[in-house]
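# Coordinate analysis (summary)
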Amino acid sequence: MKHIFIINPYAGKRDQTSRIYGMADHLRDEHGLECACMLTDRPGGAMDMARKLAETGEELRIYACGGDGTIHEVANGIAGFPNAAMSCIPTGTGNDFLKNFGEDAAKFADADNLWDGDVFPLDLIDCNGKLCLTIACNGIDARIADSVHQYSGTPLLSGRGSYLASVAMNFLFRPIGRRWKVWLDDEVLEDDYALVSMCNGRYYGGGSMPVPEARMDDGVLHTVLIKNVSKATFARLFAPYSAGEYRTLPQNLIRVSTAKTVRIQSETELVTCLDGECFRGHEVVMTLSDKRLNFFSPKGCSPNATAR
């Protein structure tokens, strides 16, 4: 079995390439493992590397070394390949994916905790043919994620701080809602919506948790729909929404559905964000992917550790 470290040297506030190389050397010297390191140099590079590795048919354990974007790319590269499994070593700014593991998230920082971990399958969201591991969001939360990169390089801002700066910018200077037509399986809705987000995992946006009961391996996806609201109402409801307290919000404004397929059409530009990676269009279709992702973690860790 090969252990491959795919490293994004641009993730986070400092380059941790030498530290990752040191981990690979340690696994090689102490455990006799076949290890190699590969550096990404462009958007999409980690996905292409991971897919080419998986297509060889060799047994692989791949370590995505970066932030949520690097994890997203590697997952898209190896999903559906039975010979390949992935884990991650966080070097990014936000690392929302690992928050699903609760206090055990800290164990992922050292490959010595990972190399012999158990492999388990995770569900994936299919969104217009692209795969999403945690949350596929559309609307103001996606627009916030799209502009958060403007602030992530600011030395004084953490991952959460960058997200809150983007929230403030979108809240103060842009309208919140858009007119959409939404299908929840066969049910058709048309209204002004602030957001429509499908959840497989529980965290995005530097730690916001819209649906706390979402589990990453149960074959059920939870979609939260929030109608357009005034800026004053948005400011009032943002904190409980981010804390996973959607049941306390006005029921005429919010709905959570377990529809298997969700479709959105918009006459204006629709921003969609998958694990922090954004794209634009006028229609999205989100559903449970028929592919699953082989993932390995430190022994005893669960991706549902913080579910409630």
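On a predicted model such as this, the values are computed, not experimentally measured, just so you know.

With the rule as written, the count across this model stands at 10 aromatic pairs. Judged by centre distance (5.3 Å) and plane angle (70°), the rings of Phe97 and Phe295 are edge-to-face. With Phe97 in the loop between β4 (84–90) and β5 (119–122) and Phe295 in strand β15 (residues 293–296), this residue pair connects regions lying 198 residues apart in the sequence. Here Phe97 matches Phe295 in class, with each residue buried. The structure contains a cluster of three or more aromatic residues connected by ring pairs, namely Phe97, Phe101, Phe108, Phe120 and Phe295. Over the face of the ring belonging to Phe296 we find Arg61, whose NZ or CZ atom lies 4.6 Å from the ring centre. Looking at Arg263, its charged tip hangs above the ring of Trp183, at a distance of 4.3 Å from the centre.

The biggest cluster of nonpolar side chains holds 47 residues, and the ones touching the most others in it are Phe5 and Phe97. At the level of secondary structure, the elements contributing two or more residues to this core comprise β1 (2–7), α1 (17–31), α2 (45–55), β3 (60–66), α3 (68–78), β4, β5 and β15. In this view, Phe5 contacts Ile20, Ala24, Leu27, Cys35, Ala36, Cys37, Met38, Tyr63, Cys65, Ile89 and Ala111; residues no more than four positions away in its chain are not counted. Core analysis: the second largest hydrophobic core is formed by 26 residues, Ile140, Ala142, Cys199 and Tyr204 among them.

Let us look at the pairing of strand β10 (residues 187–199). Consecutive side chains of a regular strand alternate in pointing toward one face of the sheet and then the other. Two elements, strand β8 (residues 135–139) and β10, share 5 bridges in a ladder whose sense is antiparallel. Residue Asn138 lies in a different strand from β10, and its bridge partner there is Val196. As paired strands, strand β9 (residues 178–184) and β10 are joined by 7 bridges and run antiparallel to one another. From the neighbouring strand, Trp180 faces β10, where its bridge partner is Asp191. The turn joining β9 and β10, which pair antiparallel and follow one another in sequence, is formed by 2 residues; a positive phi near 55° is taken by Asp185. Pairing between β10 and strand β11 (residues 222–227): 6 bridges, direction antiparallel.

This next bit is on the packing of α2 against α3. Running from N to C, α2 and α3 cross one another at 30°; their axes reach a closest spacing of 7 Å. Accordingly, the angle class assigned to the pair α2 and α3 is roughly parallel. Along this stretch, α2 crosses α3, giving a crossing that reads as right-handed. Contact residues: α2 offers Gly45, Ala46, Met47, Ala50, Arg51 and Ala54, while α3 offers Thr70, Glu73, Val74, Asn76, Gly77 and Ile78. Of the residues in the contact of α2 with α3, the class split is 6 nonpolar, 4 polar and 2 charged.

This part takes up the environment of Asp191. Looking at the secondary structure, you find Asp191 in strand β10. When the C-alpha atoms of Asp191 and Ile89 are compared, they prove to be 41 Å apart, with 102 residues separating the residues in sequence. When residues no more than four places from it in sequence are discounted, the contact partners of Asp191 are Arg178, Arg179, Trp180 and Lys227.

This part takes up helix α7 (residues 231–242). For α7, which comprises 12 residues, the first-to-last C-alpha distance of 16 Å matches the rise-based estimate of 16 Å (1.5 Å per residue) to within 8%. By the burial criterion, the buried members of α7 are Thr233, Phe234, Leu237, Phe238, Pro240, Tyr241 and Ser242. Remark: Gly244 follows α7 within two positions and exhibits a positive phi of approximately 80°.

What follows concerns the side chain of Asp96. Note that Asp96 resides in the loop between β4 and β5. The class of Asp96 is buried, set by a relative accessible area of 8%. Within the structure, Asp96 has its side chain in polar contact with the backbone nitrogen of Gly206 (distance 3.0 Å). The residues contacting Asp96, other than those within four sequence positions of it, are Asp68, Tyr203, Tyr204, Gly205, Gly206 and Gly207.

Counting across every chain of the model gives 14 salt bridges. Residues Asp192 and Arg179 are paired through a salt bridge, measuring 3.4 Å at the closest nitrogen-oxygen approach. Here the residue Asp192 occupies a position in strand β10, and Arg179 occupies one in strand β9, the gap between them amounting to 13 residues. Several salt bridges converge on common partners, so that one network encompasses Arg179, Asp191, Asp192 and Lys227.

Here we come to unusual backbone geometry. Most peptide bonds take the trans form, and the phi angle of most residues other than glycine is negative. Its identity is not glycine, yet Asn128 carries a phi of approximately 55°, on the positive side. Secondary-structure assignment places Asn128 in the loop between β6 (125–127) and β7 (130–132). Although it is not a glycine, Asp275 sits at a positive phi angle of roughly 55°. Mapped onto the fold, Asp275 is located in the loop between β13 (261–274) and β14 (277–288). A relative accessible area of 9% places Asp275 in the buried class.

Analysis parameters
Residues numbered from 1 in each chain as written. Predicted model: local features only at pLDDT ≥ 70, side-chain atom pairs only at ≥ 80, totals over all residues. Heavy atoms only, no water. Phe/Tyr/Trp six-rings, centres within 6.5 Å; stacked < 30°, edge-to-face > 60°. Helix = DSSP H or I, 4+ residues; strand = E, 2+ residues; numbered from the N terminus. Buried < 20%, exposed > 50% of the residue type's maximum accessible area, 1.4 Å probe, protein only. Lys NZ or Arg CZ within 6 Å of the ring centre and 35° of its normal. Core = buried A, V, L, I, M, F, W, Y, C linked by side-chain atoms within 4.5 Å. Contact = heavy atoms within 4.5 Å. Pairing = 2+ DSSP bridges. Axes fitted to C-alpha atoms, helices over the stretch in contact; angles between N-to-C directions. Parallel < 35°, antiparallel > 145°, perpendicular 65-115°, else oblique. Left-handed = near helix turned anticlockwise from the far one by under 90°. Nonpolar A, V, L, I, M, F, W, Y, C, P; charged D, E, K, R; others polar. Expected span 1.5 Å × (residues − 1). Polar contact = N/O pair within 3.5 Å; in protein donor to acceptor, adjacent residues only side chain to side chain. Salt bridge = Lys/Arg side-chain N within 4 Å of Asp/Glu carboxyl O.

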